[in-house]
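Given next are the chains, with one letter for each unit.
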Amino acid sequence: AKDPVRVLVTGAAGQIGYALVPMIARGAMLGPDQPVILHMLDIPPAAEALNGVKMELVDAAFPLLKGVVATTDVVEACTGVNVAVMVGGFPRKEGMERKDVMSKNVSIYKSQASALEKHAAANCKVLVVANPANTNALILKEFAPSIPEKNITCLTRLDHNRALGQISERLNVHVAEVKNVIIWGNHSSTQYPDVNHAKVVTPGGEKSVRELVADDGWLNGEFITTVQQRGAAIIKARKLSSALSAASAACDHIHDWVLGTPEGTWVSMGVYSDGSYNVPAGLIYSFPVTCRNGEWTIVQGLSIDEFSRKKLDLTAEELSEEKSLAYSCLS
Ligand code: NAI
């Protein structure tokens, strides 16, 4: 039998946490034959609720779940973890300035970075979900210099999956038959959902989504805005933000990172930019990536037309600006 993998979920008493921990305990993140030990962190006001989640995990009698640590102590939470899913953060409340929210998250991610650096297992893989996800991941990277930068990522897989879902509905094909959409940039409304390289797998071979949809107006307009604003549409409908889809996307992200992407398929991940596609180096930016042997690689050589170029640059500008704002909170 395999040794258990320790998976940290911060903000585990929250909405996404509640959807995510049972998925992990059922093998949706690391596979159906991989035992796990869950480390759940939240803050003292949520300690009782966190303990309730722990009780439910016991009650669910998951065969793969070999242990549960539920704590408000960051060091205890981070000790020995192989995978860290950072869902905890400070939400923007009505009337709050952007800078105040940024400042709270910068201080959270700075201190959690140090705890992970000192106490996590070597080669721990980190996924930041909490918003502003890209910039929280960047702060985590800056304050955990001994964690390789390739191990620090943020979640844009939800946006990627939303794009697959929209194409699948439009073409009336199953979502598993759609592949290779791309989310470029920030997990925010400036993200660019790109279908120029997307394909539908049909019995007669792969066909391009652009050819099949044949309505450039929709692809260049409503499709993009629907994906960009899907989060807001969910809040409007549910009066709560996306949770089950976010949790599922977090599982997909780690699953593919650890176990690999299928041949001929890429996914979107927020990763540390090396300057590929003329995206400024030193931002956490969402790119198309393939994964193998536990490592991601940015897909190279895709053609970028003028329409796309503008959108790649716009979301990079927003991220550069967020980066400056985050740094201004440090001093
Ligand atoms: P929530 O408010 O239900 O849960 C957040 C939890 O984090 C709470 O239990 C809170 O007590 C905890 N928390 C706050 N500060 C903490 C700290 N310093 N350490 C540990 N835990 C802490 O929020 P929800 O709906 O679960 O969303 C979580 C985050 O995920 C939010 O920032 C949200 O904006 C973001 N999100 C990101 C998505 C993405 O695709 N990247 C999609 C959906 C949400």
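Residues numbered from 1 in each chain as written. Predicted model: local features only at pLDDT ≥ 70, side-chain atom pairs only at ≥ 80, totals over all residues.

## Re the overall build of the protein chain
Along its length, the protein chain carries twelve helices and 14 strands. For a compact globule of 331 residues, the expected C-alpha radius of gyration is about 20 Å, and the protein chain comes in at 19 Å, within 12% of that figure. In terms of overall dimensions, the protein chain has C-alpha extents of about 55 × 50 × 40 Å along its principal axes. In the protein chain, which comprises 331 residues, the proportion classed as buried is 44%. The contacts in the protein chain between residues at least 6 apart in sequence include a share of 71% that link residues at least 24 apart. (Helix = DSSP H or I, 4+ residues; strand = E, 2+ residues; numbered from the N terminus. Rg over C-alpha atoms; globule rule 2.2 N^0.38 Å. Buried ≥ 20, exposed ≤ 12 C-beta atoms within 10 Å, placed from the backbone. Contact = placed C-beta atoms within 7 Å.)

## Here's the deal with the sheet that holds strand E7 (residues 178–179)
Strand order in the open sheet formed by three strands is E7-E10-E11, with antiparallel pairing between adjacent strands. Either end of the sheet is taken by a strand with one partner, and the two such strands are E7 and strand E11 (205–208). Bridge count between strand E10 (residues 199–202) and E11: four bridges; the pairing is antiparallel. Across the sheet, residue valine 201 finds its bridge partner in E11, namely glutamate 206. (Pairing = 2+ DSSP bridges.)

## As for the site of the ligand
Around the ligand sit 28 residues, and of these Gly11, Gly14, Ile16, Gly88 and Asn131 come closest. The dominant element in the shell around the ligand, judged by the number of residues it contributes, is helix H1 (residues 15–25), at three residues. (Near = placed C-beta within 6 Å.)

## Quick word on the pairing of strand E2 (residues 36–41)
Taking burial as the measure, the six residues of E2 include five buried ones, the bulk of the element. Note: strand E1 (residues 5–10) against E2, six bridges, orientation parallel. Bridging from a neighbouring strand, arginine 6 pairs with isoleucine 37 of E2. Of the crossover connections in this fold, the one passing from E1 over H1 to the parallel E2 is right-handed. Pairing analysis gives six bridges linking E2 to strand E3 (residues 65–71), with the strands arranged parallel. (Right-handed = clockwise from strand over helix to strand, strands pointing away.)

## Observations concerning unusual backbone geometry
Glycine aside, a negative phi is what most residues show, and trans is what most peptide bonds show. Of note, the bond from asparagine 131 into proline 132 is cis; its omega dihedral lies within 30 degrees of zero at -5°. Look at asparagine 172: it is not a glycine, yet its phi comes out positive at around 55°. Note on placement: asparagine 172 falls in the loop between helix H6 (157–171) and E7. One non-glycine residue, asparagine 278, lies in the positive phi region at around 55°. Relative to the helices and strands, asparagine 278 resides in the loop between strand E12 (267–272) and strand E13 (284–292).

## Here we look at the nonpolar core
Buried together is how nonpolar side chains tend to be arranged in soluble globular proteins. With 95 residues, the main nonpolar core has Val7, Val85, Val128, Val129 and Ala250 as its most contacted residues. Those residues in contact with valine 128 that lie beyond four places of it in its chain are Met86, Ala133, Asn136, Ala137, Leu140, Cys154 and Leu155. (Core = buried A, V, L, I, M, F, W, Y, C linked by C-beta atoms within 7 Å.)

## Comments concerning helix H2 (residues 47–59)
For H2, built from 13 residues, the straight-helix expectation of 18 Å at 1.5 Å per residue is met to within 8% by its first-to-last C-alpha distance of 18 Å. Taken residue by residue, H2 has Leu50, Val53 and Leu57 as its buried positions. One side of H2 carries all its buried residues, which in axial view fall inside an arc of 55°. Set apart from the buried face of H2 by more than 90 degrees, the exposed residues are Glu48, Met55, Glu56, Val58 and Asp59. For H2, the elements touching its buried residues are H1, E2 and E3. Alanine 61 occupies a position one or two residues after H2 and carries a positive phi of about 50°. (Expected span 1.5 Å × (residues − 1). Arc of directions from axis to C-beta.)

## With respect to the environment of arginine 157
Relative to the helices and strands, arginine 157 is located in helix H6. Considering only alpha carbons, one finds arginine 157 and lysine 236, 79 residues apart in sequence, at a separation of 21 Å. If we skip the residues at most four places from it in the chain, arginine 157 touches Ala249, Asp252, His253, Val267, Ser268 and Met269.

## Details of the UniProt feature "active site" (unreviewed entry) in the protein chain
As annotated by UniProt and renumbered to match this structure, "active site" (unreviewed entry) occupies His187. Discounting chain neighbours no more than four positions away, the residues touching histidine 187 are Ala133, Asn134, Cys154, Leu155, Thr156, Asp159, Gly270 and Ser286. (UniProt positions renumbered as here; feature names shortened; annotations may be inferred.)

## What about the confidence of the model for the protein chain?
Confidence along the protein chain averages 97 in pLDDT terms, with 100% of residues attaining 70 or more. Predicted as a complex, the structure gets a pTM of 0.98 and an ipTM equal to 0.99. (pLDDT = per-residue confidence, 0-100.)

## Some words on the packing of helix H4 (residues 98–119) against helix H5 (residues 133–142)
Taken N-terminus to C-terminus, the directions of H4 and H5 make an angle of 40°; their axes are 8 Å apart at the nearest point. Between H4 and H5, the interaxial angle falls into the category oblique. Judged by the sense of rotation from one axis to the other, the crossing of H4 with H5 is right-handed. The segment H4 lies against H5, with Asn105, Val106, Tyr109, Lys110, Gln112 and Ala113 engaging Asn136, Ile139 and Leu140. Here the residues of the contact of H4 with H5 are counted per class, giving five nonpolar, three polar and one charged. (Axes fitted to C-alpha atoms, helices over the stretch in contact; angles between N-to-C directions. Parallel < 35°, antiparallel > 145°, perpendicular 65-115°, else oblique. Left-handed = near helix turned anticlockwise from the far one by under 90°. Nonpolar A, V, L, I, M, F, W, Y, C, P; charged D, E, K, R; others polar.)

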